[in-house]
Amino acid sequence: MGRGAGYALARDQRTTSITVVDHDRERAEELARWLSGYAACPVKTGDSDAIAGSDAVAAALPWSGTRSVIELAAAAGVPVASITRPPGDESSDVDAMANAAGVPVLLPVGLEPGLTELAAADVARRLTALTGGVRTLEVFCGGVPATPRAPWGYTAFFGGELANHLPIAQRSSIAVEHGEIVDHPRFSGVEERHVAGVGLLEAYHDGMVPWLADHPALRDADCTQKTLRWPGFADAVTGLANLGLLDESPVAVDGVAVAPKRLVENVLSPRLRAQPDDEDVVVLDVSATGLPDADGSTLSIRSLLVDRADRETGLAAMTRTTGFTLAAAVTLLADRTVGGAGWLRPHLALSERHFARMKTDLAALGVRWTADGEALHGHRAGTVASKGTD
């Protein structure tokens, strides 16, 4: 993700210099050399001291590293944008640290979370202007292999903080119903979702930041967010869970303590890992329905982004949509166009004008909405007809 952010910043004519910092100096130097091939500005490597001389910092790190960056940046009075969000018990610490330093810390601002909430807020603003309010909001987002392959139609293009991590952990996901946060089991609520140019996907409950509904245009709306995969993935994971194979408590196997989930991950991961020729597709699909008018008719708005891996640069679609979003956000901070201090949630802190600029930055790099504000008019009889674009 850092490579994607660095590429976007290197291509941006507003950038005057880039310093790449990583605990692995050789990787940082390799990336700096690669970025120099695209940049009109100097690109170098450095250590954490480089933060103090920067206009802003883009962090693509696990949370422990991100917190260290925020501490250093706050001490230097430098704003930070990051793709990572703090654990709940550290949220107040981050806010207090940034407020005390008088700097904005904008996070999480990658694809999901980040662009998902920004797009949702944008759709909600548009719909509120047309209908006076939002009744329902649905967000569908996911990265899938362009060509699904056995056994699950899933390819692990990126890992987590643990070796062979797979996105199969059993946990609760949230939604908002009638103003209240409700829990749903992860991988539940499976439904089909057809995406033009991609095909028939499935969606299931997963993720959603709890503060999405804090946006003024969404406070009275029912909100859901689901992850997209090729069909069959959710059932495959649920089948493993029903067999107890995703339990995280160790069991004794011939005198050795083994967590079933970690065993499953280590067996499956090599079979699911991306191969050199594998490419991914990212889909971000946001739709909202407004309040009914006097005759019971409703207006809906849909925005759809589909992005694909770039063979020329070798950047995956997930790298592009996550890293480019981070870069667009950090340029707003570097320009000092984002007001306020403390922990800023992007969809609450960034205005319609900010988001329009971010979309322009993404479009310049080839990440474009295939449908941007497409309006649909629903009638009491239940039929839906296209009403064109706004």
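Residues numbered from 1 in each chain as written. Predicted model: local features only at pLDDT ≥ 70, side-chain atom pairs only at ≥ 80, totals over all residues. Heavy atoms only, no water.

- Per an unreviewed UniProt entry, the chain goes by the name Saccharopine dehydrogenase and belongs to Streptomyces candidus.

## Description of the packing of helix α1 (residues 2-11) against helix α8 (residues 317-334)
For step 1, the next point in the chain: Axis separation between α1 and α8 bottoms out at 7 Å; the angle between their running directions is 55 degrees. When the interaxial angle is binned, α1 and α8 end up oblique. Relative to α8, α1 is oriented so that their crossing is right-handed. Here G4, A5, Y7, A8 and L9 of α1 come into contact with α8, specifically with T319, G323, F324, L326, A327, V330 and T331.
For step 2, the next point in the chain: Residues that form the contact of α1 with α8 fall into these classes: 8 nonpolar, 4 polar and no charged. (Axes fitted to C-alpha atoms, helices over the stretch in contact; angles between N-to-C directions. Helix = DSSP H or I, 4+ residues; strand = E, 2+ residues; numbered from the N terminus. Parallel < 35°, antiparallel > 145°, perpendicular 65-115°, else oblique. Left-handed = near helix turned anticlockwise from the far one by under 90°. Contact = heavy atoms within 4.5 Å. Nonpolar A, V, L, I, M, F, W, Y, C, P; charged D, E, K, R; others polar.)

## Focus: the sheet that holds strand β3 (residues 57-59)
Strand pairing in a sheet takes place through backbone hydrogen bonds and is either antiparallel or parallel in direction.
For step 1, the next point in the chain: One open sheet holds the 4 strands; their spatial order is β3-β4-β5-β16, and the pairing between them is parallel. The open sheet is flanked by β3 and β16 (342-344), the only strands paired with a single partner. When strand polarity is set aside, the average angle formed by the axes of neighbouring strands in this sheet is 20 degrees.
For step 2, the next point in the chain: As defined by bridge partners, strand β5 (residues 104-106) adjoins β16 across 3 bridges and the pair is classed as parallel. Looking at β16, one finds that V105 is bridged to W343.
For step 3, the next point in the chain: Contacting β3, β4 (80-82) and β5, helix α3 (residues 63-76) runs over the sheet at an angle of about 170 degrees to β4.
For step 4, the next point in the chain: Against the sheet, α8 makes contact with β3, β4 and β5, and its axis sits at roughly 165 degrees relative to β4, the strand it touches most. (Pairing = 2+ DSSP bridges.)

## Things to note about the domain arrangement of the chain
For step 1, the next point in the chain: If you check the domain split of the chain, you get domain 1 (1-111 + 314-368) and domain 2 (115-308).
For step 2, the next point in the chain: Note on domain 1 versus domain 2: buried area summed over both sides is about 2,200 Å², and carbon and sulfur give 68% of it.
For step 3, the next point in the chain: It is L111, H347 and F355 that lose the most area in domain 1 upon contact with domain 2, and together they represent 32% of the buried surface on that side.
For step 4, the next point in the chain: Viewed at the interface, domain 2 and domain 1 are joined by 1 salt bridge. (Domains from an automatic or database assignment. Buried area = accessible area lost by both parts, 1.4 Å probe. Salt bridge = Lys/Arg side-chain N within 4 Å of Asp/Glu carboxyl O.)

## Structural notes on the pairing of strand β14 (residues 280-290)
For step 1, the next point in the chain: Judged by how many residues are buried, β14 sits mostly within the fold: 11 of 11 residues are covered.
For step 2, the next point in the chain: With burial as the criterion, each face of β14 is covered, one bearing D280, V282, L284, V286, A288 and G290 and the other bearing V281, V283, D285, S287 and T289.
For step 3, the next point in the chain: When strand β6 (residues 134-145) meets β14, the two strands line up antiparallel, connected through 11 bridges. From the neighbouring strand, P145 faces β14, where its bridge partner is D280.
For step 4, the next point in the chain: Relative to strand β15 (residues 298-308), β14 runs antiparallel, the two being bridged by 9 bridges. (Buried < 20%, exposed > 50% of the residue type's maximum accessible area, 1.4 Å probe, protein only.)

## A look at the packing of aromatic side chains
Aromatic ring pairs are reported here in terms of the distance separating the ring centres and the angle at which the planes meet.
For step 1, the next point in the chain: Following the criterion strictly, the structure yields 11 aromatic pairs and no others.
For step 2, the next point in the chain: Note on W211 and W343: the rings are 5.4 Å apart at their centroids and 85 degrees apart in plane angle, and the pair reads as edge-to-face. Here the residue W211 occupies a position in the loop between β10 (199-205) and β11 (222-229), and W343 occupies one in strand β16, the gap between them amounting to 132 residues.
For step 3, the next point in the chain: We classify W343 as buried; its relative accessible area is 5%.
For step 4, the next point in the chain: The interplanar angle of 85 degrees and the centroid separation of 6.1 Å between the aromatic rings of F355 and W369 together place this pair among those described as edge-to-face. With F355 in helix α10 (residues 352-364) and W369 in strand β17 (residues 369-378), this residue pair connects regions lying 14 residues apart in the sequence.
For step 5, the next point in the chain: Through a chain of ring-to-ring contacts, three or more aromatic side chains come together here, namely W152, Y154, F187, Y204 and F233. (Phe/Tyr/Trp six-rings, centres within 6.5 Å; stacked < 30°, edge-to-face > 60°.)

## A few points about the side chain of R229
For step 1, the next point in the chain: Relative to the helices and strands, R229 is located in strand β11.
For step 2, the next point in the chain: Although buried, R229 forms no salt bridge, and the nearest oppositely charged side chain, D206, lies 5.7 Å from it.
For step 3, the next point in the chain: A polar atom in the side chain of R229 sits 3.3 Å from the backbone oxygen of G143.
For step 4, the next point in the chain: Every residue in contact with R229, bar those within four places of it in the chain, is listed here: G142, G143, V144, Y154, P167, L201, E202 and Y204. (Lys, Arg positive; Asp, Glu negative; His and termini not counted. Polar contact = N/O pair within 3.5 Å; in protein donor to acceptor, adjacent residues only side chain to side chain.)

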